[in-house]
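Spelled out from the first residue to the last, the chains are:
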Amino acid sequence: MTTIGQPLDRVDGNVKTTGAAKFAAEHFYPGLTHAVLVHATISRGRIAALHTDEASAVPGVVAILTHLNALPMKPAPKPGPFNLTSLFSGTSVNYLQSDEVHWEGQPIAVVVAETSSAAREAAALVHAEYTVMKSVVDFEGAEEDAQPQPNNSFFPRGAKRGDAEAALATAQVSLDLRYTTPPHNHNALEPHATTAVWDGDRLTVHDATQSIDWFRTHLALRFSVPMTNVRVLAPFVGGAFGGKFAMWPGTILAALAARATSRPVRLALSREAVYRTVGGRTPSIQRLALGADRDGRLTSLVHTSVTRTGKVGGHFEQVTSPSSHLYASENILTRHDIVRLDLVPNHFMRAPGESIGTFALESALDELAYELGMDPIELRLRNETAVDPIDGKKKFSHRKLPEMYALGAERFGWHDRNPEPRSTRDGRWLVGTGMATAFHPGLSTPVNVTVRLSADGSVLVRCAFQEMGMGAATAQAQITADALGVPFDAVRVEYGDSELPMGPAAGVSVQTASTAASVTQACEELKQTLKSMARKTGGDSNEEILRRAKVPHVEAVIGSESRLGRIAGRIRFLPKFMREGQRWIKAASGVQFCEVRVDAETGETRVSRWVGVFDIGRVINAKTAASQVRGGIVMGLGLAMAEETLVDPRNGRIMNPSLAEYHVPVHADIPPIDVSFLDDPDPTTPLGILGAGEVGVVGVGAAVANAVYHATGRRVRDLPITLDKLL
Ligand code: MOS
């Protein structure tokens, strides 16, 4: 291999940095109009009257769509264990099809105008009267009403081994703690945007999406047109982090508005509209109890969570998932309980489950280490496991945590610390260090690709995957170049267009590995084809073989593009996937090390050093992989120290829907981040890839909290760790 592993620049770096790359809201069509959403101001009820006269009088207004005049749309697909499409519905609401309001912020009208300023002005002049119904919006107030999460194969209700409560009661050392994390909202650099154009009954949509193929299926269903009549384009996406995985109202309503007005429509959500209409991360209330013997061997691990979903949809955050995988214990109990609220349904946000679940688990491990007077790494090593802690049988396909603890400790200088809390001071700063483990399941999904080799030696890879800034196309070009033995520059990758072979959704850290599996298979087939051609034609190089055979190119096709072919592909994929799941636990993992400095007087906390060591299997591109996990760590620092959506408990209104009031880290908050990889291929995955997408964010919250405890002697069990909690 010559290109895989190299820190190559992104193939799309040039068009992005020069502004040539066009994002979803930057496509111009003749007659283009601009749409703005009008949001409900109650959390539940009915629209009694909608006054649009004043808004209609604004010069340039083309149409105001409401439930009274909107074209019919089919409802969203119903959730079901075999209905994957339903996973991609942000909500179950059929927008503008009834007078019902399900959350504060739900779109109740769309204003379409010749200019965006006219649309904005008019949208502010639409007035609604409501019949208000009783709603439940206060998460903490609803805790007592939490119910067990419905069980399903993607999102288990919990796991059990032995009798964890009994073992806890008799443990030599035990702790039983409550951790809480707030809701989070999505703040991608590019807010959600759609440009929608109808030509007869053919729909073209430029959208900032992570799920091109599912968007196409979903839009076709909602607008009752064949799937092949819908084209979804998303060659560039300005960050997504799970927020652009599902279909939210902006996309649907842009398509509806374009159909109603017979004009191209651009609907670019304002930052506030993203908060109002796109689900973020659930808050959580977690119980984390540990029982251990004096030597630090866990005898009991209890991890339960209460999270929320919306009454009109939402995702079951798998908060306790890391507690079923990370440590050996004879007795384990995990459980997910949920409350259903009248809020925009929460959905995926980077490492859903693991990122907040490890805040509790990895903080509690640190608390236990102090109880025992033991080094936190030593405590983890004593509970290291080679098999699934729940069933005691399933093996990890690639478990390298001890190596990473050792490497990270060395790079960080961990063992130089005085473990005594509040023992290290530098002027006004209390200095502390903390560590935590990261873990994120590695999954895969079926992917169709074509790889074509032309007589001029160039190679074209085609697949409708998504490029959200992480270097997806660059990685696949590297993989192709090595698989075919051609130079990196000879490979071109087409992506981000539903006309291309069916790609994966770029979520759950599956994209690189899943696409690589089909790309390598296609390259193998191509090599076989060339070999058999060479037997007839002779010729040393690919180019010469094709020239002698007088063919312009040869192509390998993986997967079928017909509707049934795609479904069949997914069905064929499933048994192997399930079999592997029975056999192996596959996961990316890592170790996070943090140093903080806390002002002894004010509680101001600065993160001053960071070391992360990760096992993502084989590293395809050293530069983009490091950037990916570094970005995850930055997002983790937001989760640890800044981010918090404030929901008004009276009416469910998000009170801080802007970057002025919802704080995310800025450059000055981020220390140098030292990232290293084991770079050792997983033996059970294509090319040994374990998925680098989300593991970087995991464990960051706990590493910071543990460092803050070490610095100050103060345990913060409620995120974010703001200075008021340290005074
Ligand atoms: Mo991810 S949270 O599936 O983009």
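Residues numbered from 1 in each chain as written. Predicted model: local features only at pLDDT ≥ 70, side-chain atom pairs only at ≥ 80, totals over all residues. Heavy atoms only, no water.

The next point concerns the overall build of the protein. Scanning the protein for helices and strands turns up 17 helices and 27 strands. The C-alpha radius of gyration of the protein comes to 26 Å, within 12% of the 27 Å expected for a compact globule of 727 residues. Out of the 727 residues in the protein, the part that is buried amounts to 59%. Long-range contacts, defined as pairs at least 24 residues apart, comprise 82% of the intrachain contacts of the protein with a sequence gap of at least 6. Split by element, the accessible area of the protein, about 27,900 Å² in all, is 52% carbon and sulfur. If you average the places of the 74 positive and of the 78 negative side-chain charges in the protein, the two averages end up 5 Å apart. (Helix = DSSP H or I, 4+ residues; strand = E, 2+ residues; numbered from the N terminus. Rg over C-alpha atoms; globule rule 2.2 N^0.38 Å. Buried < 20%, exposed > 50% of the residue type's maximum accessible area, 1.4 Å probe, protein only. Contact = heavy atoms within 4.5 Å. Areas by Shrake-Rupley, 256 points an atom, 1.4 Å probe, with all protein chains shown as cover. Lys, Arg positive; Asp, Glu negative; His and termini not counted. Charge placed at Lys NZ, Arg CZ, Asp CG, Glu CD.)

Let's shift gears to the packing of helix α6 (residues 212–222) against helix α7 (residues 249–261). Axis separation between α6 and α7 bottoms out at 11 Å; the angle between their running directions is 50°. Viewed along their axes, α6 and α7 adopt a mutual orientation that is oblique. Judged by the twist between their axes, the crossing of α6 over α7 is right-handed. Across the interface between the two elements, F215, H218, L219 and R222 from α6 touch T251, I252 and A255 from α7. The class makeup of the residues in the contact of α6 with α7 is four nonpolar, two polar and one charged. (Axes fitted to C-alpha atoms, helices over the stretch in contact; angles between N-to-C directions. Parallel < 35°, antiparallel > 145°, perpendicular 65-115°, else oblique. Left-handed = near helix turned anticlockwise from the far one by under 90°. Nonpolar A, V, L, I, M, F, W, Y, C, P; charged D, E, K, R; others polar.)

With that out of the way, let us pick up helix α4 (residues 116–124). Along α4, the residues classified as buried are A118, A119, A122 and A123. Buried positions in α4, seen along its axis, are confined to an arc of 130° and lie on one side of it. Among the exposed residues of α4, those pointing more than 90 degrees away from its buried face are R120 and A124. As for α4, its buried residues are in contact with β1 (33–39), α2 (53–56), β3 (61–66) and β5 (107–113). (Arc of directions from axis to C-beta.)

Relative to the helices and strands, R308 resides in strand β15 (residues 298–310). The exposure class of R308 is buried, given its relative accessible area of 7%. As for R308 and P283, which are separated by 25 residues in sequence, their C-alpha atoms are 7.0 Å apart. R308 has contacts with F139, P183, T282, P283, H315, V339, L341, L343, V344, N346 and V647, leaving out every residue within four places of it along the chain.

Another aspect to go through is the sheet that holds strand β20 (residues 449–454). Strand order in the open sheet made by the four strands is β22-β21-β20-β23, with mixed pairing throughout. The open sheet has two free edges, formed respectively by β22 (491–494) and β23 (553–558), since each of these has just one partner strand. This sheet shows a mean twist of 15° between the axes of neighbouring strands, independent of strand direction. In the sheet, β20 pairs with strand β21 (residues 459–462) via four bridges, with the strands oriented antiparallel. The partner of V451 across the bridge, within β21, is V461. Helix-sheet contacts for helix α13 (residues 511–537) involve β20, β21 and β23, and the interaxial angle to β23 is about 140°. (Pairing = 2+ DSSP bridges.)

Between the first and last C-alpha of α7 there are 18 Å, a value that for 13 residues agrees with the 18 Å anticipated at 1.5 Å per step. For α7, a buried count of eleven out of 13 residues is recorded, marking the element as mostly surrounded by other parts of the structure. Along α7, the residues classified as buried are P249, G250, T251, I252, L253, A254, A255, L256, A257, A258 and T261. Downstream of α7 by one or two residues, S262 has phi in the positive range, about 50°. (Expected span 1.5 Å × (residues − 1).)

Here we come to the domain arrangement of the protein. Once the domains are mapped, the protein shows domain 1 (24–134 + 189–240 + 244–277), domain 2 (141–184 + 281–442 + 586–725) and domain 3 (445–572). Here the C-alpha centroids of domain 2 and domain 3 sit 38 Å apart. In this complex, domain 2 contributes eleven residues to the contact, which on the side of domain 3 involves 13 residues. Where domain 2 abuts domain 3, roughly 970 Å² becomes buried across the two surfaces, and 65% of that area is made up of carbon and sulfur atoms. For domain 2, the biggest contributors to the area lost against domain 3 are I620, P686 and I689; these three give 39% of the whole. (Domains from an automatic or database assignment. Buried area = accessible area lost by both parts, 1.4 Å probe.)

Let us now look at the state of the cysteines. Applying the stated criterion across every chain, the model contains zero disulfides. Considering cysteine sulfurs only, C523 is the nearest to C463, which forms no disulfide, with 12 Å between them. A residue is classified by how much of its surface remains accessible, and C523, at 0% relative accessible area, is buried. (Disulfide = S-S within 2.5 Å.)

A separate point is the packing of aromatic side chains. Each aromatic ring pair is characterised by the separation of its centres together with the angle its planes make. If you walk through the whole model with that rule in mind, you get 15 aromatic pairs. Ring centres of F412 and W414 lie 6.4 Å apart, and the angle between their planes is 45°; this geometry places the pair in the tilted category. By relative accessible area, which is 4% here, F412 ends up buried. Each residue in the set F88, W214, F245 and F348 is aromatic and connected to the rest through ring pairs, giving one cluster. It is R259 that lies over the ring of W198; its NZ or CZ is 4.2 Å from the centre. Note that R399 overlies the ring of F396, its terminal NZ or CZ placed 4.4 Å from the centroid. (Phe/Tyr/Trp six-rings, centres within 6.5 Å; stacked < 30°, edge-to-face > 60°. Lys NZ or Arg CZ within 6 Å of the ring centre and 35° of its normal.)

With that out of the way, let us pick up the packing of α13 against helix α14 (residues 542–549). Where α13 meets α14, the axes come as close as 10 Å, and the angle between the chain directions of the two elements is 60°. The angle between α13 and α14 falls in the class oblique. Seen along the crossing, α13 lies across α14 with a hand that is left-handed. Where α13 approaches α14, its residues L530, M533, A534 and T537 are matched on the opposing element by N542, I545, L546, R548 and A549.

What follows deals with the pattern of salt bridges. This structure, assessed with the given rule, holds 41 salt bridges. Across the salt bridge formed by D366 and R715, the nearest N and O atoms sit 2.7 Å from each other. Highlighted residues: D366 in helix α9 (residues 354–372) and R715 in the segment after α17 (700–712), separated in sequence by 349 residues. According to the relative accessible area criterion, D366 is buried, its value standing at 1%. A single network of salt bridges, built from pairs that share partners, joins D213, E561, R566 and R570. (Salt bridge = Lys/Arg side-chain N within 4 Å of Asp/Glu carboxyl O.)

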